[in-house]
Amino acid sequence: MPKKKVSPHLRKHVADRALGCCEYCMSQEYYLTHGFSIDHINPVGNSDPDNLALACQGCNNFKFTKKQAIDPESGTYAAIFNPRADEWKSHFRWNENFT
Ligand SMILES: [Zn+2]
(Lines give C-alpha, C1' and ligand atoms only; values in the text may rest on other atoms or scores of the structure.)
Protein backbone atom coordinates (compact mmCIF):
# COMPACT_ATOMS: atom_id res chain seq x y z
CA MET A 1 0.00 0.00 0.00
CA PRO A 2 1.44 3.41 -0.92
CA LYS A 3 2.45 5.87 1.76
CA LYS A 4 -0.50 8.18 2.45
CA LYS A 5 0.97 10.98 4.50
CA VAL A 6 -0.48 14.38 3.58
CA SER A 7 1.78 17.33 4.34
CA PRO A 8 0.39 20.51 5.91
CA HIS A 9 1.08 22.32 2.62
CA LEU A 10 -0.88 19.72 0.64
CA ARG A 11 -3.71 19.80 3.21
CA LYS A 12 -3.95 23.58 2.79
CA HIS A 13 -3.99 23.20 -1.00
CA VAL A 14 -6.88 20.71 -0.80
CA ALA A 15 -8.80 22.84 1.73
CA ASP A 16 -8.32 26.02 -0.33
CA ARG A 17 -9.41 24.25 -3.52
CA ALA A 18 -12.59 23.10 -1.70
CA LEU A 19 -13.19 26.64 -0.40
CA GLY A 20 -13.33 25.19 3.13
CA CYS A 21 -16.36 23.00 2.34
CA CYS A 22 -16.75 19.26 2.65
CA GLU A 23 -16.60 18.08 -0.94
CA TYR A 24 -19.29 15.47 -0.27
CA CYS A 25 -22.01 17.31 1.72
CA MET A 26 -20.83 20.93 1.27
CA SER A 27 -20.77 21.67 5.02
CA GLN A 28 -18.49 24.57 5.82
CA GLU A 29 -15.53 23.74 8.03
CA TYR A 30 -15.68 27.19 9.60
CA TYR A 31 -19.00 26.44 11.34
CA LEU A 32 -18.22 22.97 12.68
CA THR A 33 -16.45 22.10 15.89
CA HIS A 34 -14.50 19.17 14.43
CA GLY A 35 -11.75 19.81 11.94
CA PHE A 36 -12.18 18.25 8.52
CA SER A 37 -10.11 15.38 7.19
CA ILE A 38 -8.32 14.87 3.96
CA ASP A 39 -10.07 11.94 2.31
CA HIS A 40 -8.37 9.62 -0.14
CA ILE A 41 -11.06 9.33 -2.83
CA ASN A 42 -9.58 6.03 -3.91
CA PRO A 43 -8.73 4.59 -0.48
CA VAL A 44 -5.86 2.51 -1.81
CA GLY A 45 -4.58 5.28 -4.07
CA ASN A 46 -1.74 7.66 -3.44
CA SER A 47 -1.71 11.17 -1.95
CA ASP A 48 -1.74 12.96 -5.29
CA PRO A 49 -3.97 16.07 -5.11
CA ASP A 50 -6.33 14.52 -7.67
CA ASN A 51 -7.01 11.69 -5.20
CA LEU A 52 -7.65 13.95 -2.22
CA ALA A 53 -10.81 15.68 -1.04
CA LEU A 54 -11.70 17.77 1.98
CA ALA A 55 -14.28 15.85 4.01
CA CYS A 56 -16.23 16.47 7.22
CA GLN A 57 -16.01 13.77 9.87
CA GLY A 58 -19.52 12.51 9.09
CA CYS A 59 -18.81 11.97 5.41
CA ASN A 60 -15.31 10.67 6.04
CA ASN A 61 -16.53 8.18 8.63
CA PHE A 62 -19.37 7.00 6.38
CA LYS A 63 -17.18 6.62 3.32
CA PHE A 64 -14.19 5.17 5.21
CA THR A 65 -12.59 2.73 2.74
CA LYS A 66 -15.64 2.23 0.55
CA LYS A 67 -15.59 2.84 -3.16
CA GLN A 68 -19.21 1.71 -3.61
CA ALA A 69 -22.41 1.86 -1.58
CA ILE A 70 -26.04 0.81 -2.00
CA ASP A 71 -27.99 3.30 -4.09
CA PRO A 72 -31.20 3.91 -2.08
CA GLU A 73 -33.26 4.39 -5.24
CA SER A 74 -32.14 1.30 -7.17
CA GLY A 75 -31.04 -0.94 -4.30
CA THR A 76 -27.91 -1.85 -6.23
CA TYR A 77 -24.28 -0.99 -5.61
CA ALA A 78 -23.09 2.22 -7.17
CA ALA A 79 -19.79 4.08 -7.14
CA ILE A 80 -19.53 6.66 -4.37
CA PHE A 81 -19.47 10.27 -5.52
CA ASN A 82 -16.04 11.30 -6.74
CA PRO A 83 -15.51 15.05 -6.27
CA ARG A 84 -12.74 15.06 -8.88
CA ALA A 85 -14.77 13.31 -11.60
CA ASP A 86 -18.48 13.83 -10.83
CA GLU A 87 -20.66 16.93 -10.79
CA TRP A 88 -22.10 17.57 -7.29
CA LYS A 89 -25.48 18.81 -8.55
CA SER A 90 -25.95 15.60 -10.55
CA HIS A 91 -25.73 13.54 -7.35
CA PHE A 92 -27.14 15.70 -4.55
CA ARG A 93 -29.67 18.40 -3.91
CA TRP A 94 -30.75 20.50 -0.97
CA ASN A 95 -34.15 20.07 0.65
CA GLU A 96 -36.58 22.97 0.41
CA ASN A 97 -35.45 24.07 3.88
CA PHE A 98 -31.78 23.74 2.86
CA THR A 99 -31.03 20.81 5.10
ZN1 LIG B 1 -19.55 16.10 4.63
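Just above sits the structure.
Residues numbered from 1 in each chain as written. Predicted model: local features only at pLDDT ≥ 70, side-chain atom pairs only at ≥ 80, totals over all residues. Heavy atoms only, no water.

Engineer: Whenever I open this one, the packing of aromatic side chains confuses me. Can you help?
Structural biologist: Two aromatic rings are characterised by how far apart their centres lie and by the angle between their planes. Summed over all chains, the structure comprises five aromatic pairs. Judged by centre distance (5.0 Å) and plane angle (90°), the rings of Y30 and Y31 are edge-to-face. Each member of the pair, Y30 as well as Y31, is classed as exposed. Clustering of aromatic rings is evident, with ring pairs tying together Y24, F81, W88, F92 and W94. One Lys or Arg, K66, reaches over the ring of F62 and ends 4.2 Å from the middle of that ring. (Phe/Tyr/Trp six-rings, centres within 6.5 Å; stacked < 30°, edge-to-face > 60°. Buried < 20%, exposed > 50% of the residue type's maximum accessible area, 1.4 Å probe, protein only. Lys NZ or Arg CZ within 6 Å of the ring centre and 35° of its normal.)

Engineer: Any chance you could explain the environment of K4 here in plain terms?
Structural biologist: Inspection of the secondary structure assignment puts K4 in the segment before α1 (8-17). Taking the C-alpha atoms as reference points, K4 and A18, separated by 14 residues in sequence, lie 20 Å from one another. If we ignore the near neighbours within four places in the chain, the residues touching K4 are H40, P43, V44, G45 and S47. (Helix = DSSP H or I, 4+ residues; strand = E, 2+ residues; numbered from the N terminus. Contact = heavy atoms within 4.5 Å.)

Engineer: Any chance you could explain the coordination of the zinc ion here in plain terms?
Structural biologist: Reference values for coordination geometry: four tetrahedral donors around a metal ideally subtend 109.5 degrees, six octahedral donors ideally subtend 90 or 180 degrees. At the metal site, the zinc ion is ligated by C22 (SG), C25 (SG), C56 (SG) and C59 (SG), and these contacts range over 2.3 Å. Of note is the zinc ion, whose four donor atoms meet at the metal with angles of 103 to 115° in an arrangement that counts as tetrahedral. On the primary sequence, the residues serving as donors to the zinc ion are separated as C-x2-C-x30-C-x2-C. A residue pair is termed long-range when its members are at least 10 positions apart, and C22 in the loop between α1 and β1 (37-40) and C59 in helix α2 (residues 57-63) qualify at 37 residues. Grouping residues by exposure puts C22 and C59 together as buried. (Donors = N, O, S within 2.8 Å, 3.2 Å for Na, K, Ca; no water. Tetrahedral: all angles 85-135°; square planar, octahedral: opposite > 155°, others 65-115°.)

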